[in-house]
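# Structural overview
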Amino acid sequence: MSSTSPVNCFLPCRKGSERVPRKNIKPFAGFANGLIEVKLRQLIGAKGIGKIYLSTNDEEILDYAATLGSDKIVLHKRCEELSSSQTSTDDLVAHALELIGDGDIMWTHVTSPFVSAASYDSIVARYREALDEGHDSLMTTSVIHGFIWNEDGPVNYDRNIEKWPRTQTLPTLYEINSAAFLAPASIYRDEDDRIGRNPFIYGMDKIEGMDIDWPVDFQIAESMVLQGIASV
């Protein structure tokens, strides 16, 4: 049986985004402290989340997070060796395990602004069900219904059978959106990974699963909030 204890959250937040300068803390849709403000408020509001381990080398973010006065937030100033643009996600797996130690770990990012407190609680609840069903972890994805090609041609349909099938009949594909990865600490320890070998695929719609990675993503997300298309 899966545990009913709150999961602990790993929130990596590196200073010095090359594509979107100050991406994590620049003003966003009326939030003076930007995406980090949005994300910390969402995580604090999620009942299924226990401690929030904020790992960052950005003093501005550490100073802001301290003003919230939440006993859920655990601040960690990350060393520069794990904070460069060359640092890989693989390098951070051991770091997350070292910080949190045991229990269930949810890895999330500030760049998923439309994953609300209620969304996190739904993800955690589905994770517990997935463990009971035989899965060993969970990862969120954006569901793709469309014509997908690579350099060799179609990936998810056969043009020898039908050149342009109806999109409703195409096989569903899933793009990992990095909104949340959930796994027991034992997966981090034994597999050196944030998901196991049999993850449950948690599908999201395009808005909820949006990941801000490029300047245009930031602009689109901000416009969506200001126009009432999405909420944070």
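This structure is a prediction, so every number in the text was calculated from the model and none was measured.

Next up on the list: helix α4 (residues 117-132). Here α4 spans 23 Å end to end across 16 residues, near enough to the 22 Å set by a 1.5 Å rise per residue. Three or more residues of α4 are buried, namely Ala117, Ser119, Tyr120, Ile123, Val124, Arg126, Tyr127, Arg128 and Ala130. Just downstream of α4, glycine 134 is the residue with a positive phi angle, here 110°.

One open sheet accounts for seven strands, arranged β3-β2-β1-β4-β8-β5-β9; its pairing is mixed. Each edge of the sheet is formed by a strand with only one pairing partner; in this case those strands are β3 (73-77) and β9 (199-204). The mean angle between the axes of side-by-side strands here comes to 25°, regardless of whether they run parallel or antiparallel. Of the strand pairs in this sheet, strand β1 (residues 7-13) and strand β4 (residues 104-107) are connected by three bridges, and their pairing is parallel. In the sheet register, cysteine 9 faces β4, and the bridge partner there is methionine 106. Most of the contacts of α4 go to strand β8 (residues 173-184), to which it runs at about 75°, and overall it touches β1, β2 (49-56), β4, β5 (137-144), β8 and β9.

On the surface, a cluster of nonpolar side chains totalling about 370 Å² of accessible area is made up of Phe147, Trp149 and Trp164. Structurally, tryptophan 149 can be placed in strand β6 (residues 149-150). Overall, tryptophan 149 belongs to the partly exposed group, its relative accessible area being 47%.

Bringing the packing of aromatic side chains into the picture now. Applying the stated criterion across every chain, the model contains five aromatic pairs. Arranged with centres 6.4 Å apart and planes meeting at 25°, the rings of tryptophan 107 and tyrosine 188 form a pair that is stacked. Here tryptophan 107 is found in strand β4, whereas its partner tyrosine 188 is found in helix α5 (residues 185-191), with 81 residues between them in sequence. A relative accessible area of 1% means that tryptophan 107 is categorised as buried. Through a chain of ring-to-ring contacts, the aromatic side chains of Phe10, Trp107 and Tyr188 assemble into a single cluster. Of note, lysine 26 hangs over the ring of phenylalanine 218, and the distance from its end group to the ring centre comes to 4.7 Å. Just above the ring of phenylalanine 200 sits the side chain of arginine 126; from NZ or CZ to the centre is 4.1 Å.

Our focus in this paragraph is the pattern of salt bridges. When the charged atoms of two side chains with opposite charge come close together, those side chains can pair. Inspection of every chain in the model, using the stated rule, returns seven salt bridges. For arginine 126, the salt bridge identified is with glutamate 129, shortest N-O distance 3.4 Å. Of the two residues, arginine 126 and glutamate 129 both sit in helix α4, three residues apart, roughly one turn of that helix. Exposure remark for arginine 126: the relative accessible area of 19% places this residue in the buried category. Among the ionic contacts, a cluster of salt bridges with common partners joins Arg126, Glu129 and Glu133.

Moving on, we get to the environment of phenylalanine 114. Examined against the element boundaries, phenylalanine 114 turns out to sit in the loop between β4 and α4. Along the chain, phenylalanine 114 and alanine 179 lie 65 residues apart, while their C-alpha atoms are 9.2 Å from each other.

Reading guide: rules and limits
- Residues numbered from 1 in each chain as written.
- Predicted model: local features only at pLDDT ≥ 70, side-chain atom pairs only at ≥ 80, totals over all residues.
- Heavy atoms only, no water.
- Helix = DSSP H or I, 4+ residues; strand = E, 2+ residues; numbered from the N terminus.
- Expected span 1.5 Å × (residues − 1).
- Buried < 20%, exposed > 50% of the residue type's maximum accessible area, 1.4 Å probe, protein only.
- Pairing = 2+ DSSP bridges.
- Axes fitted to C-alpha atoms, helices over the stretch in contact; angles between N-to-C directions.
- Contact = heavy atoms within 4.5 Å.
- Patch = residues over 30% accessible without salt bridge, like charges linked within 9 Å, V, L, I, M, F, W, Y side chains within 5 Å.
- Areas by Shrake-Rupley, 256 points an atom, 1.4 Å probe, with all protein chains shown as cover.
- Salt bridge = Lys/Arg side-chain N within 4 Å of Asp/Glu carboxyl O.
- Phe/Tyr/Trp six-rings, centres within 6.5 Å; stacked < 30°, edge-to-face > 60°.
- Lys NZ or Arg CZ within 6 Å of the ring centre and 35° of its normal.

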